[in-house]
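If you want the building blocks of each chain, they are given just below.
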Amino acid sequence: MAEGKAPDTSKAWARVKHALTGRPSRGQWVVAALFLVLGFAAVTQVRATNDDDFAGMRRDELVTLLETLDSADERLTQQRAELAETQRRLQQSSERNQAAIDETRRAADTLAILAGTAPAVGQGVVITIEDPDETVLAGPMLNAIEELRDAGAEAIQVNGVVRVVAQSYVTDDANGAVRIDGREIKRPFVIEAIGDSHTLDQAVMFRGGLADQVEALGGEVDVEQVKSLEVTALAEEREAEYAQPAR
Amino acid sequence: MIAVLGLVVGVALGLLFEPTVPAGLQPYLPIAVVAALDAVFGAIRAYLDGRFDDKVFVVSFISNVLIAALIVFVGDQLGVGSQLSTGVIVVLGIRIFSNAAAIRRHLFHA
């Protein structure tokens, strides 16, 4: 490389100008012919390269490429199998979870009806107690509820306002009114109970039962069996403060 | 001027006829093209130096192409074709760069 002396720039430009404008010499024709071949070959090669990625490749390159593809294929197949296995496992566990959720939901529904926190529908009886002299107090009322429970009543409400649950209590107040869970129950009393309607009917009407007691007190009991009864009164949901689940 | 025209005409012909590379020439054409480019840059540098000779150019052009193709051919026969063609490309690339640097010094003094 001749880097020693700085070349003359103006002379070089003059040569370029001469080359571009001057009459072509014989040498330039030859150069042009070779350039033509070069341009042709270059374009041909570029097109060939763009046309087909593999045509210009050597055998060992192709072999390497094929091996790479093979191993990638193997890897992906394995990966697919693993993912399918994972999918199967997840599906299984999600099915199990769904079953557990369904089971829990059913249990929760049952418990909600027992706890009185959910409305309930079903066959049952409507018991109307009329006592013009206001002689039926907490005693016969509690008795009536106990009889119904004994006969398998699953949901009980009184006058459509009070849901009778496990914690319910019946009291008299000073004015001769009956209170359930502290709430005054107006006369006439209407007790609606969901359960086997025939059994519930019998529980009220048997000799010496509620009906006889109320009649002895000067009142009257009417029992009506109903195909579909709706218990809509709800009990207050309360957390156990002292009782903990024993393990 | 006429040389540039020749290049343009060659490119145009290539685009026009859309030739396919013969199978036997396939491994050699890319190397040959790079070798020819090296000869071209060498020629431009020589021209700017004021010692351009068309005979020298023609001989160097053709011999460059032939030797490049020969090296690749021998490499293929020996089973080191791809490595050898890479080597040829590297050497030619270095030469093209140094020639381009000389041309730059001639024209721009830089």
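Residues numbered from 1 in each chain as written. Chains lettered and ligands numbered in written order. Predicted model: local features only at pLDDT ≥ 70, side-chain atom pairs only at ≥ 80, totals over all residues. Heavy atoms only, no water.

> Even after reading the chapter, I still don't get unusual backbone geometry, so can you show me in this structure?
The general pattern is negative phi for most residues beyond glycine and trans for most peptide bonds. Residue A:Pro188 is bonded to the preceding A:Arg187 through a cis peptide linkage, with omega at -5°. For A:Pro188, the position within the fold is in the loop between strand 6 (183-185) and strand 7 (189-194). (Helix = DSSP H or I, 4+ residues; strand = E, 2+ residues; numbered from the N terminus.)

> Looking at this structure, how should I read the UniProt feature "transmembrane region" (unreviewed entry) in chain B?
Residues and elements named next belong to chain B. Look at the UniProt record and you will see "transmembrane region" (unreviewed entry) annotated at residues 27-44, 56-74 and 80-98. With 89% helix and 0% strand, the stretch residues 27-44 has end C-alpha atoms that lie 28 Å from each other. The span residues 56-74 shows a helical share of 100% and a strand share of 0%, and its end C-alpha atoms are spaced 26 Å apart. (UniProt positions renumbered as here; feature names shortened; annotations may be inferred.)

> How should the packing of aromatic side chains be read in this particular structure?
The geometry of an aromatic ring pair comes down to the distance between the two centres and the angle between the two planes. Residue and element names in this part refer to chain B. Across all of its chains, the model carries 3 aromatic pairs over all chains by this definition. When the centroid spacing of 6.5 Å and the interplanar angle of 55° are considered together, the rings of Tyr-28 and Phe-73 count as tilted. Residue Tyr-28 is located in the loop between helix 1 (2-17) and helix 2 (29-49), and its partner Phe-73 is located in helix 3 (residues 54-78); the two are separated by 45 residues in the primary sequence. Residue Phe-73 is classed as partly exposed on the basis of its relative accessible area of 38%. (Phe/Tyr/Trp six-rings, centres within 6.5 Å; stacked < 30°, edge-to-face > 60°. Buried < 20%, exposed > 50% of the residue type's maximum accessible area, 1.4 Å probe, protein only.)

> Got a minute to help me understand the pattern of salt bridges in this structure?
Where charged atoms from two side chains of opposite charge come close, those side chains can pair. All names here are of chain A. For the coordinates displayed, the defined rule picks out 9 salt bridges over all chains. Residues Arg-187 and Glu-134 are paired through a salt bridge, measuring 3.8 Å at the closest nitrogen-oxygen approach. In this pair, Arg-187 is assigned in the loop between strand 6 and strand 7 and Glu-134 in the loop between strand 1 (120-130) and helix 4 (138-150), connecting sequence segments 53 residues apart. Note on Glu-134: relative accessible area 45%, which makes it partly exposed. Taking the shortest distance from any N to any O, the salt bridge between Asp-173 and Arg-179 comes out at 3.2 Å. (Salt bridge = Lys/Arg side-chain N within 4 Å of Asp/Glu carboxyl O.)

> Hey, could you run me through the sheet that holds strand 8 (residues 220-231) of chain A in this one?
Each strand in a sheet pairs with its neighbour through backbone hydrogen bonds, running either in the same direction (parallel) or in the opposite one (antiparallel). All names here are of chain A. Strand order in the open sheet made by the 5 strands is 3-2-7-1-8, with antiparallel pairing throughout. Edge strands, defined here as strands with exactly one partner in the open sheet, are strand 3 (162-164) and strand 8. The average angle at which neighbouring strand axes cross in this sheet is 25°, direction not considered. With 10 bridges connecting them, strand 1 and strand 8 associate as antiparallel partners. Directly across from Glu-130, in strand 8, lies its bridge partner Glu-220. Packed onto the sheet, helix 4 meets strand 1, strand 2 (155-158), strand 3 and strand 7 and runs at close to 15° relative to strand 7. (Pairing = 2+ DSSP bridges. Axes fitted to C-alpha atoms, helices over the stretch in contact; angles between N-to-C directions. Contact = heavy atoms within 4.5 Å.)

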